[in-house]
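# Close look at the chain arrangement
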Amino acid sequence: MSTISVKKNLYKLTMPIFIDIALVMMLGAVDTIMLSRFSDDAVAAVGLDNQIVSLVFLVYQFVSMGAAILCAQYFGAGLRERFIQIVGISLVVNFLLGLTISGVLWFWASPLLHAFGLRENLMADGVLYLKITGALSFFQAVSLTFSAVLRSTGKTVYPMLATVLVNILNIAGNYALIFGHWGCPAMGVEGAAWATAGSRIASVLLLMCFMPTLWPSSARYVEEHKRRLARMKATVAGKKNALKGYFRPFPFQELKNLFHIGIPAMSEEMSYSLSQIAITFFINQISTEALTTKVYCSTIITFVILFSTSIVQGGDIIVGHYVGQLRYRAAYYLGNYIFKVAMTLTLIVATALVASGSFILEFLTDNEEIIRMGLWIFAVDWFLNIGRVKNVFACGTLRAAGDAVFPVIVGVLSQWTIAVGVAWLLGIYWQFGIIGMWVAFCLDENLRGVILMHRWHSQAWRGKSFVA
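Analysis parameters
Here the residue index of a chain counts from 1 through its sequence in written order. Per-residue local features of the predicted model are confined to residues with pLDDT of at least 70, and side-chain atom pairs are confined, for both listing and counting, to 80 or more; whole-chain, interface and lining totals are unaffected and use all residues. Note that water and hydrogens are dropped before the side-chain values are worked out from all heavy atoms of the structure. A run of DSSP states H or I qualifies as a helix once it reaches four residues; a run of E qualifies as a strand once it reaches two. Both are numbered from the N-terminal end. Using a 1.4 Å probe on the protein chains alone, a residue whose accessible area is under 20% of its type maximum counts as buried, one over 50% counts as exposed, and one in between counts as partly exposed. In this analysis, two residues are considered to be in contact whenever any of their non-hydrogen atoms come within 4.5 Å of each other. Only the protein chains shown count as covering a residue, and every accessible area follows the Shrake-Rupley method with a 1.4 Å probe. Under this scheme, a helix contributes an axis fitted over its contacting stretch, all axes are lines through C-alpha atoms, and angles between N-to-C directions fall in the 0 to 180 degree range. Should an angle lie under 35 degrees it is considered roughly parallel, over 145 roughly antiparallel, and from 65 to 115 roughly perpendicular; all remaining angles are considered oblique. Just so you know the grouping, Ala, Val, Leu, Ile, Met, Phe, Trp, Tyr, Cys and Pro go in nonpolar, Asp, Glu, Lys and Arg go in charged, and all remaining residues, Gly too, go in polar. For our purposes a nonpolar core is just a set of buried Ala, Val, Leu, Ile, Met, Phe, Trp, Tyr and Cys residues, chained together by side-chain atoms within 4.5 Å. By salt bridge we mean one thing: a side-chain nitrogen of Lys or Arg within 4 Å of a carboxyl oxygen of Asp or Glu. A helix is expected to span 1.5 Å multiplied by its residue count minus one. Like charges within 9 Å and nonpolar side chains (Val, Leu, Ile, Met, Phe, Trp, Tyr) within 5 Å are joined into patches, using only residues over 30% in relative accessible area that form no salt bridge. Geometry of aromatic contacts follows a simple scheme: Phe, Tyr and Trp rings, the Trp one being its six-membered ring, pair when their centres are within 6.5 Å, and the pair is stacked under 30 degrees between planes, edge-to-face over 60, tilted otherwise. Whether a charge lies above a ring is judged from NZ of Lys or CZ of Arg, which has to be within 6 Å of the ring centre and within 35 degrees of the ring normal. Pairs of N or O atoms within 3.5 Å make up the polar contacts considered here, provided that, within protein, one atom can donate a hydrogen while the other can accept it, and that residues adjacent in sequence are counted only when both atoms are side-chain atoms. Take the seven residues that end at a residue and the seven that start at it, fit an axis to each, and the angle between those axes is the bend at that residue.

When its secondary structure is counted, the protein chain shows 17 helices and 0 strands. Here the protein chain holds 468 residues, and the buried ones make up 56% of them. Look at the contacts in the protein chain between residues 6 or more apart in sequence, and 84% of them connect residues 24 or more apart. Put simply, the protein chain shows about 19500 Å² of open surface, and 69% of that area lies on carbon and sulfur atoms.

Take a look at the structure:
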């Protein structure tokens with residue numbers, strides 16, 4: 001009965017996450033699809049911009065990842081005061097970090113794109129899109145934190161609802177501003193940027209409305225909080241002091257814990273994104289067609305890994321609760337079940353992509369060279385997914401257990417020696433082009449997958465909980 005209950009809870013958590021991640025992916029895919037009707041050059045320019053913006057979002061995620069893991073463990077252990085402390089600290093840190101980075105992207109958009117090797121004929125569109133989406137990216141920093149905290153307590157529906165709103169507004173905004181419908185000017189790439197940025201602002205506002213649902217998470221906690229307020233005479237000033245009371249003295253240990261789990265988690269993701277940008281720089285040297293193929297294929301392939309990402313994230317919430325309760329055996333068996341389901345679903349979807357790849361690419365472009373290269377990439381990516389699922393599972397679940405440093409070491413070494421080094425060797429030096437580079441990606445993902453799965457099965461992560 002317990003096993004059935006856990007599995008039901010897993011799928012209950014996973015479905016909203018699945019929809020949420022799918023809609024987040026749709027946000028970038030909608031821009032790509034709509035801009036493909038505008039021009040292939042616009043797709044290439046915005047594709048590189050989105051890689052930079054995604055890199056920035058990873059910087060914001062170092063706080064939200066740390067907050068999600070700590071909140072899940074504290075929630076599972078019933079440590080409500082420490083839970084509130086980590087929520088407050090993560091929101092402040094990410095807001096300040098977001099403001100700083102947004103300023104850098106506004107003032108340094110052009111130098112950044114030159115540094116990443118964007119072609120001159122794409123520069124005007126690239127700078128315009130990056131300035132708008134980058135300068136307003138601090139809203140995404142706050143949004144990521146809100147979403148992470150809500151998910152950590154099992155409230156996965158609320159981030160999903162916010163993402164639904166984002167997609168509706170983004171699609172409507174793109175339709176109106178890219179092509180000039182509903183009395184709006186036809187702004188092209190600039191219109192896509194404003195639609196994307198505006199929809200993210202709306203998401204933050206909605207998530208703020210959901211945050212108060214965190215506090216009455218248990219009757220015992222409500223009574224404890226009422227007693228605290230009563231001792232402070234239950235005045236308005238007293239309520240403010242009650243909240244401040246959680247941060248006096250300032251919980252520096254929680255800030256340390258946030259960085260301890262967040263920085264390694266971000267570092268592995270950051271290393272991966274930087275390695276991809278380095279490879280995009282190589283691809284940009286081949287041809288505009290190769291760069292556009294990379295953008296199209298990467299956008300489509302993200303949907304292949306969607307099933308494994310969502311079930312792993314849902315499972316990691318429960319794993320974090322188990323680790324917070326020091327129930328390591330339950331966490332291990334649940335993790336193995338999650339991995340089997342994730343691998344099965346991903347390979348089924350990858351097979352469907354190989355079979356339907358021609359139809360999808362022909363819908364996006366009529367360039368025969370892009371279609372030819374894309375079909376080869378889909379075939380190689382089927383084998384790549386075997387390693388990718390292992391990495392998605394092992395990285396996420398090891399972090400949920402508090403073991404965040406080991407995946408970073410493995411990731412950095414493999415991504416830069418194999419993914420980047422072998423990609424340059426096969427793609428540029430031996431002139432196999434973008435297909436050779438995808439073979440290098442495949443080697444990297446599968447090697448890391450073997451190493452990280454061995455770490456998981458060794459159970460070296462036991463005892464690394466922050467409540468132990």
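After that view of the structure, there is still more to cover.
Now for the packing of helix α13 (residues 306-324) against helix α14 (residues 328-364). Interaxial distance between α13 and α14 falls to 9 Å at its minimum, and their mutual angle equals 175°. On the basis of their axis angle, the class for α13 and α14 is roughly antiparallel. Residues F307, S308, I311, V312, G315, I318, V319, Y322 and V323 of α13 pack against Y328, A330, A331, L334, I338, V341, A342, L345, T346 and V349 of α14. Its residues placed into classes, the contact of α13 with α14 shows 16 nonpolar, 3 polar and no charged.

Right, let's talk about the environment of L112 for a bit. Among the secondary structure elements, L112 is positioned in helix α4 (residues 109-115). A relative accessible area of 24% places L112 in the partly exposed class. With 60 residues separating them in the primary sequence, L112 and I52 have C-alpha atoms 8.8 Å apart.

A few words on the nonpolar core. With 93 residues, the main nonpolar core has L35, L113, I279 and W438 as its most contacted residues. Looking at which element gives the most residues to this core, the answer is helix α2 (residues 40-77), with 20 residues. If you look at the next biggest cluster of nonpolar residues, it comprises 37 residues, including A22, I305, I317 and W461.

The next thing to look at is the pattern of salt bridges. Applying the stated criterion across every chain, the model contains 5 salt bridges. Among the salt bridges present, the one from D403 reaches R455, with a minimum N-O distance of 2.8 Å. Of this pair, D403 sits in the loop between α15 (368-400) and α16 (405-429) while R455 sits in helix α17 (residues 433-458), placing them 52 residues apart in sequence. For the pair D403 and R455, one class covers both residues: buried.

When the terminal C-alpha atoms of helix α6 (residues 138-152) are compared, their 22 Å separation across 15 residues agrees well with the 21 Å that a helix rising 1.5 Å per residue should span. Buried residues dominate α6, accounting for 14 of its 15 residues. Positioned one or two residues after α6, G154 has a phi angle of 90°, which is positive.

Two quantities define a packed helix pair, namely the angle between the axes and the distance from one axis to the other. Here helix α11 (residues 252-286) crosses α16 at 5°, and the two axes come no closer than 8 Å. In terms of orientation, α11 and α16 fall into the roughly parallel class. Contacts between α11 and α16 involve P264, S267, E268, S271, Y272, L274, S275, A278, I279, F282 and I286 from the first element and V405, P407, V408, G411, V412, Q415, W416, A419, V420, A423, W424 and I428 from the second. Here the residues of the contact of α11 with α16 are counted per class, giving 17 nonpolar, 5 polar and 1 charged.

Attention now goes to a nonpolar patch on the surface. A grouping of V92, F95, L96 and L99 is seen on the molecular surface, where their side chains present a nonpolar patch of about 350 Å² in accessible area. Among the structural elements, V92 can be located in helix α3 (residues 80-107).

With that settled, the discussion passes to the side chain of S203. Examined against the element boundaries, S203 turns out to sit in helix α8 (residues 189-210). For S203, a relative accessible area of 7% translates into the label buried.

This paragraph deals with the packing of aromatic side chains. As enumerated under the stated definition, the model contains 15 aromatic pairs in all. Geometrically, the ring pair formed by F339 and F393 is tilted, given 5.5 Å between the ring centres and 50° between the ring planes. Linking F339 in helix α14 with F393 in helix α15, this pair joins segments that are 54 residues apart in sequence. Side by side, F339 and F393 carry an identical accessibility label, which is buried. One aromatic cluster in this structure is built from Y328, Y332, Y333, F339, F393, W456 and W461. The cationic tip of K131 hangs over the ring face of W106; the distance from NZ or CZ to the ring centre is 4.8 Å. The positively charged end of R455 is found above the aromatic ring belonging to F406, 4.3 Å away from the centroid.

This part covers the side chain of S308. Mapped onto the elements of the fold, S308 is located in helix α13. For S308, a relative accessible area of 0% corresponds to the buried category. Of note is the side chain of S308, whose polar atom sits 3.4 Å from the side chain of T346. Once you skip the residues sitting within four places of it in the chain, S308 turns out to touch A342, T346, V389 and V392.

As a further point, take the environment of G357. Here G357 lies in helix α14. Every residue in contact with G357, bar those within four places of it in the chain, is listed here: L375 and F378.

Look at Q431: it is not a glycine, yet its phi comes out positive at around 60°. With respect to the helices, strands and loops of the structure, Q431 is situated in the loop between α16 and α17. Residue Q431 is classed as exposed on the basis of its relative accessible area, which comes to 68%. Look at Q459: it is not a glycine, yet its phi comes out positive at around 60°. Structurally, Q459 can be placed in the segment after α17. Judged by its relative accessible area of 22%, Q459 falls in the partly exposed class.

Here the focus is helix α5 (residues 120-135). Taking 1.5 Å as the rise per residue, α5 with 16 residues should run 22 Å; its terminal C-alpha atoms sit 22 Å apart, in good agreement. The axis of α5 is deflected most strongly, by about 30°, at G126. Taken as a whole, α5 has its buried residues at L122, M123, G126, V127, Y129, L130, I132, T133, G134 and A135.

Coordinates in, geometry out; function isn't part of it.
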